[in-house]
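Here is what each chain is made of, one letter per residue.
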Amino acid sequence: MRIAPTFNVALRALRRNKMRSVLTALGIIIGVGAVIAMVGIGNGAKAQVEAQIASLGQNVILIFSGSTTSSGIRTGWGGAGTLKIEDAEAIRREVPGVIGVSEEVVSTTQVAAGNQNWFTRIYGESADYFDIRQWPLADGAPFTAQDVRSANKVCVIGRTTATQIYGNENPIGQILRIKEVPFTITGVLMPKGLSTQGVDQDDIVIMPYTSAMKRVIGGTTLRNINVQIGDPQQLEAAQQQIISLLRQRHNIRPGRDDDFTVRNQQEIAQAATATSRVMTLLLGAIAGVSLVVGGIGIMNIMLVSVTERTREIGVRMAVGAHGSDILTQFLIEAVTLSSVGGLIGIVCGIGASKILSAYANWPTLISISSIAIAFLFSAAVGIFFGFYPARKAAALDPIEALRYE
Amino acid sequence: MNNGAIVSLIDVGKTYRTGEMEVLAVRGVSLEIKRGEFVALMGASGSGKSTLMNILGCLDRPTTGHYLLDGADVSGLDRDQLADIRNRKIGFVFQNFNLLPRTSARENVELPLVYSAQRLTNAELRERADRVLASVGLAGREDHHPSQLSGGQQQRVAIARALINEPEVLLADEPTGNLDSRTSVEIMAIFQQLNERGITVIMVTHEPDIAAYAKRNVMMRDGVILDDHVVPRRLNATAQLQNGRTRPQGAPNEESPSIRDPNENCTNV
């Protein structure tokens with residue numbers, strides 16, 4: 001009803017106690033700033049993890065060869081060697097929506113060129129692999145489907161391997177000896193950085209899986225099969241079809257466990273982002289605590305203010321203020337402190353995360369929603385913590401308030 | 001009913017309850033005050049005069065009886081309704097002035113208008129406050145804070161605040177209790193001038209020489225009216241100030257210092 005004049009009264013009261021108002025708002029400024037900065041850091045980390053997951057490739061299904069139990073000893077995934085090259089070909093042939101399949105074998109070994117040598121990971125893949133992983137070459141060319149069919153002695157290498165063996169020299173066309181087999185380097189991959197597990201993804205040699213199986217690793221089974229689906233809508237259906245196809249090919253009777261494991265990239269992404277979501281939540285919660293502490297600061301000062309201004313409240317009531325006018329006045333004071341503090345806190349929080357990004361090299365991501373939530377929360381803190389003192393003021397008896405010393 | 005009476009108390013009683021004890025502060029008071037009267041309510045502390053004053057000022061409600069203010073029964077009104085009555089019909093002047101600290105005289109005077117039903121622009125507020133301040137002799141002091149004003153000046157700001165809503169009744173609770181004698185006479189002069197203009201003044205005091213400026217004295221003791229009489233030889237504060245006499249002749253309060261120097265203007269508390 002008399003909001004506008006009451007608003008003026010509240011603002012004048014805050015201006016009468018400038019230092020106190022600033023210090024009270026400071027609690028909220030720090031609280032909101034901390035929430036914005038912390039959630040920004042958490043979201044930045046989450047975005048980074050998501051980007052790394054996306055670098056695994058879009059709509060990818062991973063099929064791992066299963067574990068077997070032999071004499072009571074269970075091997076891990078990939079231990080049994082249940083996946084055959086024919087399985088991969090069957091998937092390529094029979095599952096609709098498949099746009100790329102890469103048979104994968106993995107090993108680690110010493111590689112050498114000239115007088116340099118390096119211990120690295122060897123990946124045997126099909127020519128589709130670079131598309132599936134969305135991993136373009138920085139230089140040179142990938143090996144071809146023809147190289148895979150002929151098990152040619154060609155490979156591409158990651159940035160780390162290239163630097164370790166060749167330094168600043170151009171590795172393209174050079175010979176890399178892997179288990180004493182000379183391979184010609186056709187290309188160098190774009191650097192991909194660390195994986196979500198912290199593995200250097202650029203410390204790698206990739207060659208046709210046929211060459212790897214025949215000339216480097218030996219064996220006839222695959223560790224896993226990477227399958228890429230064209231349409232994300234079909235991912236789930238394709239995964240089911242792959243499972244039933246492989247069960248059929250492996251003669252697994254109904255009710256028996258699969259001898260392989262199928263994961264899609266979304267599941268892996270969910271697991272990884274869950275971690276960073278928990279981190280964001282934790283950081284936000286810790287910062288939220290400081291916001292609550294700031295709110296208690298407001299309540300404290302408002303209670304002091306009500307006591308100190310008891311006579312003023314009495315005078316206001318004597319000249320005709322309703323209880324609701326007094327309530328509104330003190331509530332406006334509290335909400336003004338908290339929301340102005342909130343606005344300044346938002347600016348400080350954005351500034352702090354920009355500084356962290358610039359100097360500590362932490363990725364931060366400020367979302368509009370986190371700003372809006374922080375502001376609304378700070379206003380709510382004002383209402384929540386301002387209400388009790390305001391109600392106390394409004395409930396004062398004018399006669400006793402006037403007599404208060 | 002409305003035979004020129006602005007205030008009618010009909011068998012008003014007030015009981016305070018403190019734990020098991022019941023204290024009868026006012027027991028069956030009937031009092032009628034006509035428009036344009038200047039009444040001094042007197043009595044020792046504990047006589048019930050403050051309680052009666054709170055009831056008259058609509059700050060408190062009687063436990064029994066009826067209070068008719070300007071012909072309307074206000075004894076049954078709730079908190080907010082009483083607040084509106086106080087805002088429209090009653091102006092308060094307190095012993096300790098009760099001005100808002102660190103707030104200019106003008107803003108102090110504007111205070112009742114903030115809670116008034118009439119909506120004024122800031123310019124109108126300001127103009128009205130300045131006019132009332134000028135009428136109590138404080139032109140040019142509008143921007144002074146209470147700490148920059150003497151006691152008498154502070155009390156005049158309080159009177160201006162009481163007058164801003166053009167009330168029917170001016171209620172003063174020991175208005176000179178914190179002032180020296182010359183300043184007291186100045187305040188009385190303002191009250192008498194306001195009374196001349198038709199404002200009803202009801203003033204609580206325990207000083208007989210202050211009560212002598214009123215037209216009528218009501219004495220209370222133990223919650224009842226002991227005596228109610230018209231003041232026979234009423235003092236004229238304005239005339240005294242002009243004659244340079246600040247202490248009424250024959251006033252019983254002999255030990256109070258009297259300031260006789262007409263050039264003496266300092267009115268600090």
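When its secondary structure is counted, chain A shows 13 helices and 14 strands. Taken over C-alpha atoms, the radius of gyration comes to 33 Å for chain A, far larger than the 22 Å a tight globule of 405 residues would show. By the burial criterion, 44% of the 405 residues in chain A qualify as buried. Taking contacts inside chain A between residues at least 6 apart in sequence as the whole, the part at least 24 apart equals 81%.

Looking only at helices and strands, chain B features eight helices and 10 strands. Per-residue burial for chain B yields a buried fraction of 47% across its 269 residues. In chain B, 71% of the contacts between residues at least 6 apart in sequence involve partners at least 24 apart.

Once that is clear, we can look at unusual backbone geometry. Residue and element names in this part refer to chain B. At aspartate 11, a residue that is not glycine, the phi angle is positive and equals roughly 50 degrees. Positionally, aspartate 11 belongs in strand S1 (residues 5–18). Residue aspartate 11 is classed as exposed on the basis of its C-beta count, with 12 C-beta atoms lying within 10 Å. One non-glycine residue, aspartate 70, adopts positive backbone phi at about 55 degrees. Along the chain, aspartate 70 falls in the loop between strand S4 (64–69) and strand S5 (72–73). Residue aspartate 70 is classed as partly exposed on the basis of its C-beta count, with 17 C-beta atoms lying within 10 Å.

As a further point, take the packing of helix H2 (residues 18–54) of chain A against helix H9 (residues 265–308) of chain A. Residue and element names in this part refer to chain A. Axis separation between H2 and H9 bottoms out at 8 Å; the angle between their running directions is 180 degrees. The angle between the axes of H2 and H9 places the two elements in the roughly antiparallel class. Residue classes in the contact of H2 with H9 are distributed as 22 nonpolar, 13 polar and four charged.

A word on the sheet that holds strand S6 (residues 90–93) of chain B. All names here are of chain B. Sheet architecture is open: six strands sit in the order S6-S7-S8-S3-S9-S10, paired in mixed fashion. Single-partner strands in this sheet number two, and they are S6 and strand S10 (224–230). In this sheet, neighbouring strand axes are inclined to one another by 20 degrees on average, regardless of whether the strands run parallel or antiparallel. Bridge analysis of strand S3 (residues 38–42) against strand S9 (residues 216–221) gives four bridges, and the strand direction is parallel. If you follow leucine 41 over to S9, its bridge partner there is valine 218.

The subject of this paragraph is the domain arrangement of chain A. The domain boundaries assigned to chain A delineate domain 1 (3–52 + 271–403) and domain 2 (83–258). Between domain 1 of chain A and domain 2 of chain A, the C-alpha centre-to-centre distance is 55 Å.

This paragraph deals with the interface of chain A and chain B. Residue-level contacts link 19 residues of chain A with 19 residues of chain B. If you list the elements that add at least two residues to the side of chain A that touches chain B, you get helix H1 (3–16), helix H10 (310–318), helix H11 (323–360) and helix H13 (398–403) of chain A. Sorting elements by how many residues they give to the side of chain A that touches chain B places H10(A) first, with six residues. Taken together, the residues of the side of chain A that touches chain B break down into 10 nonpolar, three polar and six charged.

Residue and element names in this part refer to chain A. Taking burial as the measure, the six residues of strand S1 (residues 60–65) include five buried ones, the bulk of the element. Across five bridges, the pairing between S1 and strand S13 (residues 224–229) is antiparallel. Within S13, the residue paired with valine 60 across the bridge is glutamine 228. Sheet topology note: the S1/strand S14 (residues 260–264) ladder contains five bridges and is antiparallel. For phenylalanine 64, the partnering residue across the bridge sits in S14 and is threonine 261.

Rules behind the numbers
- Residues numbered from 1 in each chain as written.
- Chains lettered and ligands numbered in written order.
- Predicted model: local features only at pLDDT ≥ 70, side-chain atom pairs only at ≥ 80, totals over all residues.
- Helix = DSSP H or I, 4+ residues; strand = E, 2+ residues; numbered from the N terminus.
- Rg over C-alpha atoms; globule rule 2.2 N^0.38 Å.
- Buried ≥ 20, exposed ≤ 12 C-beta atoms within 10 Å, placed from the backbone.
- Contact = placed C-beta atoms within 7 Å.
- Axes fitted to C-alpha atoms, helices over the stretch in contact; angles between N-to-C directions.
- Parallel < 35°, antiparallel > 145°, perpendicular 65-115°, else oblique.
- Nonpolar A, V, L, I, M, F, W, Y, C, P; charged D, E, K, R; others polar.
- Pairing = 2+ DSSP bridges.
- Domains from an automatic or database assignment.

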